[in-house]
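# Per-entry structural report
Next come the chains, spelled out residue by residue.
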Amino acid sequence: MAVFDTPQEAFGALRPVCVQLTRARTVENVARLQAHLAAVSASALQELQEYVLFPLRFALKVPGPKQERLVQSVVQCISSVLAATCVKKQELLQELFSELCTCLSPPSGSGRPAPLSEELKLTVIQALHTLMHSAYGDVILSLYQPSTLPLLGFAVSLLLGLAEHEKAKQIKISALKCLQVLVLQCDCQEHRHLDEDEAQQCGDLFASFLPGISITLSRVITGDIKQGHKPTVSAIRLFYLIVGSVMADAQLARIPKNKEKLPAEQSRISELTVHRGPDWSKSTAEKLSLLLHKMVEFSSVHPHWKVRLELVELVHHLLRNCSQSLVDSFSHLLKALVGLVNDENSEVQSRCNEVLQGIAEQRIVAQNRALADVLSENLHSLATALPRLMNSQDDTGKVSTLSLFLGYLKLLGPKINIVLNSTSHLHRLSKALMQVLELDVTDVKIVEDRRWGCESACRPLGSLQHGVQKGRRQKKYFRFFTEEKVLQLLQQVCRVLGYYGNLYLLVDHFMGLYGESGMYRKQAAMVLNELIAGAAGVGVDVLQEREVSLNTDDLKGSITSILDEYTDQANWYLITSIDTEEISHERSVQHSGLTPRPGACSSILLPSPELHVTTHTMNSNIWQICIQLEGVGCFAAVLGKEFRLLLLSALYPVLEKAGDKTLLISETALGTLVDICEACSYDSLQRLINENSDYLVNGISLNLRQLAHQAHASQVLDTMLRHSDASLLPLVEDVIQDVLSTLDQSYNNQASTFLRVLHSVMAALVQWFGSSCGEKHRQRQAAEWQSRTLSQGQQMVTRQEVERFFLDYVRQKQIAEGNLPDAGDEEADEIPPLAKLEPNDSATEGETSLPSHAQLAKDVMERCIHLLSDGNLRVRLKVLDVLELCVTVLHPHGNHLLPMAHRVWPALVTRLISDDPLAVLRAFKVLCTLAQKCGDFLRQRFSKDVLPKLTSSLLSQAPASARAGPVYNHTLAFKLQLAVLQGLGSLCEKLDMGESDLNKVADACLIYLSAKQPMKLQEAAQSVFLHLMHVDPDSTWLLLNEVCCPHQYEPPHTSLRPVKLSGMGRQRNEFTDNVLLLLERLQQRE
C-alpha cells in the first residue's frame, strides 16, 4: 500500500474509513482503520490526530454495553495513534486519560473491579502508558494540578487494584510500570526534567496518594512468593521512588508551617490536598517505618537475588533523599544493607559495598547526628543480644550477625566515639566481645604436647625460620563457634574499633578487664592485640579514612603499657605442666617478688601452699601465654624498626618462652621471634640473637645466681644456642663456666636445672662442630679402609702362604688340645713394640692442646661422671643424654676421649646392669656411641662386664616376647629388647669382637629369628647377623646352615667324605624364612 505523506492525501484515504466507523462501531471497521493508519506517515497523522481519534473516542463514549473485543480493538488503535503522534493539548490529554481509565472502572454502584478479560486490562494499561509518553513537553504537567487530583486518584486506585488483586503476572507488572510513569518516576530518559517548584508541586499532590500507594505496595511486596520476583522488584522500585519524592528532605525543608488558604472555589479541592508540615511528616514517617520494617524483613531473605538487589537500591535511595525525614526507619534499612554485604550473590555484594562506600564518602552518617544515634542504639541492642545469638545460631547465622555488627561500626566511622564515650555502650560492647571470644580449653593434647631438647638441636637455622613463618598463628578453638570466617569478622570488629576509636580509652578499658578476672584475661589480650593492629591501620578494612591519624608516640606508649602488663611475673610465669620441677619454678617466681627481666634484684623466697592444678587451668594458661606472645609479635610488626627500642624489655622474656617445654608455647614464641626479625630488619634469628647477645648474656648470668630464675635463664640460653652459630660460643663461655662452678656447689639441689643448660650447650656444640669433625674422621677411616682393601686385592695367594696357613692351623689345634709351646719368645717379641708406642702416645697427648669447645665438652663430661650415680632417675637420664653428646664432641680428640671413657666406664656399666629399664635403655644408647667413637679400646671391657648380661637378658626375654600379643610392642621390655638387638651387631663390628664373644651374640640372637617373635624384633635380629657376616662370614654361614641348610653339598672327589650339616633335610620351621633370607644376603655379598 502506498504511503500518504501529506495531510491532504491522508485525509482523503482516512475520511471514508472514519465515517464508516462512526456510523457502525464494529471490530471490522476498527481493523480497517488500523490498516489504513499503517499507510499514513507520522507527520501527516500528527495533523489529523484529533480527526482520527474522534470515531475511536466516540465508540468508547457511546452509552450502553459494549463488546470487549470492540473495546480492546478500539483501545489498541488509539494506542497505535498515540505511539506515532504527540498530544499537544491539555484538554485532549485529560479527556483521553479519563476515557481510558473509564474502560477499567467497575460498573457504577459496585465496589468490585470490572469483570473484564485479562487481554483488555493489559491493552488499556499499555494505552495509558503510551498516552503518558506521548504528552508533549509541559502538557503532561496539566495532569498534575490540584484540579485534576480526583482524576489522578481514580487512575492510581485502579492501577493499584490491578497490581494487588490480579493473578496474571504481566498485568501486575504493567500496572506497576504504568503507576511509575504516572508519578513521574519513569525509568526512560524521554521526559523533561522537573525543576524544584514543579517537583515540589508534584510532591504535594502525590502526598495525598502516599498512604494508599505505600500500603498496597507493601502488600504486593510481602505477598505470595509464587507471584515471581518481577512484580516484587517493580513494587519495591515504585515504593522507594514515590516515598523518596514525597518525603524528600529538600522538599520538606521548604514547606511552610501553616497551610495556605485557597480561594473559596478551590476549597473542595483543598480538602483533598495534604499539607506536608512537620506534624504530617512525623506521623507519616512513623507509619512508613512500620511498613519498611515489614518489607525489609521479607525482602532481605527473598530467594531471588534481584529482589535483594532492589532492596539495596531502596536503602540507597531513601538514605540519599530522606536521611532526616525517615531517620527512625534507618534502624531497619541499615540493618538490611549491612546484612546483605555477605550475600551469596556477587552482584548484590558488590552493589552493597558500593552503596556503603558512597554513604561513607558523602559523610551522610558523620553529618547527621540523629542517624549516628540510631546506629549506636542498633549497635547497643546487637551487642546485648550477641552472646545469646552466638550461642543459638548456626555458623551462617553467626557470620550474618557479626557482619551486621561490623557494618554498624564501619558506618559510624569517626562517630564511633559516640558509642565509646558512653559507659553503658562500652561496657556492653566489651562484655559481648569477652563472652563471644571465650576459648575452648578442654583439649588435653595442648598440655600433653611437649618439646624435647633433641628435636631442633640439629635443625638448620634457615629451615627453622622458613617453617615458622608458614604457620605463625596458632589455630584456636572457641566455645561458641568453629568457622574461621567468624573469627576473621571478630578480628575486624576489634581492628575497626582501634582504627576509629580513642586508643587510650580502649586500651585502658580492656586492660582493666584483663586484670579484673582470669575469666576474661585471654579474650582481653586478643582484643588488645587486634586494637593495636587496627590503630596502626594493619589489615583493617574501612569505608572512610579517620579524621586524625594516630601519633606514633601514642601508639608506642600504649604498646609499652601492654607489654609491661603481659610480661609481669603474674601473667608470664604460669603453670603449664604437671612436671613437678616446672611447677616449682613457676611458683617460686610468682611468690618470690622477683622481676623476670634480666638484672633484677633478688629477694627472699616465700613459702607457697600446695596448688591443685587441673588440666583445664594448664590449658588456659598455655593459651594465655601464646596470645601474649602473639601480641608481642603484632606490636613488633606495627612499630617496625621502632620496636628495637623495646627489645631490652621484650626479647629476653620471648626467648624464655621459646625454650619452654610446652610445644605450643615454644612454637608460638619462635613465630614471635621471626616477627621481631622481620619488623626490626634482622635478616635471620641468628643475627637477632648475636647482635643482642651482650644484654642477653648479662641477664642470663645474673638470673643464674637467683634460685627462682635459674630455670628460665637456662631456657633463654637454650634458645640462644639452638638458633645461633659458633660465633656465640666465646660470648657464652663465661656463663657456662659459671654454670659448672655453681653445679659443683649444688649437686643435690639444682642438678636437673643445670643439666638442662649443659644439654643445650653440648647439643649446640654437636651442631656446630660435631658434623665437620666427624666428616673428617669418616674420610680418614674410608681412606685407610680403601688402601687396606687395595693392598689386599693386589696380593696373590702363593704356595708358601697356603703352607703357612696349615702350619698355623696345626699350632692352634695343639694349643686347643693343651699342648702349649714356650711363649716366652713370643712375649719378648710382642712387648718391645708396645713399650715403644706408649711414650709416643703420652708425648702426643701432652703436646696437643684442646680447642675451646672440646675442652668445654671434657669439663662437662667430668661432671657427668660424678652425676651418673645420682639417686634421681630423671637426673641420671639427663646425664646420659649429655654424656652421649660429650662423646660426640670429643670424638676427633681420641687422646682425651679414651681416658675419659676409661673413667666413665664403671658408672656406665652399673647403669647398664642394675638400673631402671629407662636408664638401661639410655645407657645402652650411650654405649653404642662410645663404641662407635672409641672402637676396640672398649673390647675387653665390653666382653667382660656387659656382654654376658646383655645375652642372658635377651635369652630370658625371648619366650615372653614370642608368646606376647600386639600390645607388647608398646612395653618398655620390648623397647629394651629392640634397642639391644639394633645396637648389638654394630657393637660387635666396631669393637672387633673375638670368636667366642661372637658365638655368644649369635646364640642369643638366633632365637629372635623365629617367626613367633614380633616383626620388629625379627628385623633387628637380622641386622645383628648382617653385621656378623662382616666380622666372621664363615662362622655365620656355618651357624645358619646348622639351623636350615637349603642345599646338598656333594664332595668334589669320591675319596672325600660327604659334607653333613645339621640343617640338611630338616622340615620347614619357624626359623626357615629368616635363615634363608640371611643366607641369600650372604651369598650376594660373596
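## With respect to the overall build of the protein chain
A count of helical and extended segments in the protein chain gives 49 helices and 0 strands. Expressed as a percentage of the 1086 residues in the protein chain, the buried residues total 51%. Taking all contacts inside the protein chain whose residues are at least 6 apart in sequence as the whole, residues at least 24 apart take part in 77%. Accessible surface, the protein chain: about 51100 Å² in total, of which carbon and sulfur atoms supply 52%.

## Structural notes on the packing of aromatic side chains
With the rule as written, the count across this model stands at 9 aromatic pairs. Between F11 and Y51, the ring centres sit 5.0 Å apart and the planes meet at 55°, which makes this aromatic pair tilted. Here Y51 lies in helix 4 (residues 49-61) and F11 lies in helix 1 (residues 7-23), a separation of 40 residues in the sequence. The exposure class of F11 is partly exposed, given its relative accessible area of 33%.

## Notes on the state of the cysteines
Tallied over the full model, the rule gives 0 disulfides. No disulfide involves C1044; its sulfur sits 7.5 Å from the nearest other cysteine sulfur, which is in C1045. Exposure remark for C1044: the relative accessible area of 11% places this residue in the buried category.

## What about the confidence of the model for the protein chain?
Should the pLDDT be low somewhere, the predicted coordinates at that spot are not to be read in detail. Overall, the prediction assigns the protein chain a mean pLDDT of 82, with 86% of residues at 70 or greater. The least confident element of the protein chain is helix 39 (residues 824-847), whose mean pLDDT is 41; the most confident is helix 11 (residues 229-246), at 94. Note that pLDDT drops below 50 for residues 454-471; the model gives that stretch 25 contacts with residues more than four away or on any other chain. When the criterion is pLDDT under 50, residues 823-847 qualifies, and its contacts beyond four places in sequence or with other chains add up to 6 contacts.

## Let's talk about helix 44 (residues 939-962)
The largest bend in helix 44 is about 50°, located at V946, with the proline P948 one to four residues further on. When helix 44 is considered as a whole, its buried residues turn out to be F942, S943, V946, L947, L950, T951, L954, A958 and S961. Among the structural elements, helix 42 (894-913), helix 43 (917-934), helix 45 (972-991), helix 46 (995-1006) and helix 47 (1015-1031) are those in contact with the buried residues of helix 44.

## Concerning the nonpolar core
The biggest cluster of nonpolar side chains holds 342 residues, and the ones touching the most others in it are L314, F643, F942 and L984. Setting aside its immediate chain neighbours within four residues, L314 contacts I236, F239, Y240, L292, M295 and L333.

## Notes on the environment of L704
Position of L704 among the secondary structure elements: in helix 34 (residues 693-704). L704 has contacts with Q710, A713, V735, V739 and F754, leaving out every residue within four places of it along the chain.

## Quick word on a positive patch on the surface
Together, K169, K177, K230 and K306 give the surface a local cluster of positive charge. The residue K177 is located in helix 9 (residues 169-182) in this model. By relative accessible area, which is 35% here, K177 ends up partly exposed.

## Thoughts on the packing of helix 48 (residues 1033-1043) against helix 49 (residues 1072-1085)
The N-to-C vectors of helix 48 and helix 49 enclose an angle of 150°; their axes lie 10 Å apart at closest approach. With respect to each other, helix 48 and helix 49 are oriented roughly antiparallel. For the pair helix 48 and helix 49, the crossing hand works out as left-handed. For the pair helix 48 and helix 49, contact is made by P1033, W1037, L1040, N1041 and V1043 and by V1075, L1078, L1079, L1082 and R1085, respectively. Among the residues forming the contact of helix 48 with helix 49, the class breakdown is 8 nonpolar, 1 polar and 1 charged.

## Description of helix 2 (residues 27-37)
Regarding helix 2, the residues found buried are V27, N29, V30, L33 and L37. An end-on view of helix 2 places all buried positions within 165° of arc, on one side of the element. On its buried face, helix 2 sits against helix 1, helix 3 (42-47), helix 4 and helix 5 (68-84).

## Topic: the packing of helix 6 (residues 90-104) against helix 7 (residues 118-134)
Packed helices, taken two at a time, are described by the angle their axes make and the gap between the axes. With their axes 9 Å apart at the nearest point, helix 6 and helix 7 run at an angle of 165° to one another. Our classification of the angle between helix 6 and helix 7 gives roughly antiparallel. Considering the relative orientation of helix 6 and helix 7, their crossing is left-handed. Contacts between helix 6 and helix 7 pair L93, L96, F97, L100, C101, C103 and L104 from the former with K121, V124, I125, A127, L128, L131 and M132 from the latter. By residue class, the composition of the contact of helix 6 with helix 7 is 13 nonpolar, no polar and 1 charged.

## Section: a nonpolar patch on the surface
A surface patch of nonpolar side chains, amounting to about 310 Å² of accessible area, comprises V802, F805 and F806. Note that F805 resides in helix 38 (residues 799-817). Judged by relative accessible area, F805 falls into the exposed class, the value being 53%.

## A look at the pattern of salt bridges
For the structure on display, the rule yields 27 salt bridges. Across the salt bridge formed by D204 and R276, the nearest N and O atoms sit 2.9 Å from each other. Taken together, the residues D204 in helix 10 (residues 196-221) and R276 in the loop between helix 13 (267-272) and helix 14 (278-299) connect sequence positions 72 residues apart. Overall, R276 belongs to the buried group, its relative accessible area being 1%. Overlapping salt bridges bring together R57, K61, E95 and E99 as one network.

## Some details on unusual backbone geometry
One non-glycine residue, S681, lies in the positive phi region at around 65°. Turning to its location among the elements, S681 is positioned in the loop between helix 32 (663-679) and helix 33 (685-691). Phi angles above zero are rare outside glycine, and D992 is one such case at about 50°. Its place among the elements puts D992 in the loop between helix 45 and helix 46.

## A word on the environment of T148
Inspection of the secondary structure assignment puts T148 in the loop between helix 7 and helix 8 (149-165). Along the chain, T148 and Q94 lie 54 residues apart, while their C-alpha atoms are 8.5 Å from each other. Apart from the residues lying within four places of it in its own chain, the contact partners of T148 are Q94, S142 and L143.

## A short note on the environment of R69
Positionally, R69 belongs in helix 5. We classify R69 as exposed; its relative accessible area is 58%. Taking the C-alpha atoms as reference points, R69 and L120, 51 residues apart in sequence, are found 8.0 Å from one another.

## Considerations on the side chain of S430
Among the secondary structure elements, S430 is positioned in helix 21 (residues 423-436). Classification of S430 as buried rests on a relative accessible area of 0%. Ignoring any residue separated from it by four or fewer positions in sequence, one finds S430 in contact with H509, F510 and L513.

## A look at the side chain of T719
Here T719 shows up in helix 35 (residues 710-722). When neighbours within four sequence positions are excluded, T719 is seen to be in contact with L655, A658, G659, L673 and I689.

Thresholds, definitions, all that
- Residues numbered from 1 in each chain as written.
- Predicted model: local features only at pLDDT ≥ 70, side-chain atom pairs only at ≥ 80, totals over all residues.
- Heavy atoms only, no water.
- Helix = DSSP H or I, 4+ residues; strand = E, 2+ residues; numbered from the N terminus.
- Buried < 20%, exposed > 50% of the residue type's maximum accessible area, 1.4 Å probe, protein only.
- Contact = heavy atoms within 4.5 Å.
- Areas by Shrake-Rupley, 256 points an atom, 1.4 Å probe, with all protein chains shown as cover.
- Phe/Tyr/Trp six-rings, centres within 6.5 Å; stacked < 30°, edge-to-face > 60°.
- Disulfide = S-S within 2.5 Å.
- pLDDT = per-residue confidence, 0-100.
- Bend = angle between axes of the 7 residues up to and from the residue.
- Core = buried A, V, L, I, M, F, W, Y, C linked by side-chain atoms within 4.5 Å.
- Patch = residues over 30% accessible without salt bridge, like charges linked within 9 Å, V, L, I, M, F, W, Y side chains within 5 Å.
- Salt bridge = Lys/Arg side-chain N within 4 Å of Asp/Glu carboxyl O.
- Lys, Arg positive; Asp, Glu negative; His and termini not counted.
- Charge placed at Lys NZ, Arg CZ, Asp CG, Glu CD.
- Axes fitted to C-alpha atoms, helices over the stretch in contact; angles between N-to-C directions.
- Parallel < 35°, antiparallel > 145°, perpendicular 65-115°, else oblique.
- Left-handed = near helix turned anticlockwise from the far one by under 90°.
- Nonpolar A, V, L, I, M, F, W, Y, C, P; charged D, E, K, R; others polar.
- Arc of directions from axis to C-beta.

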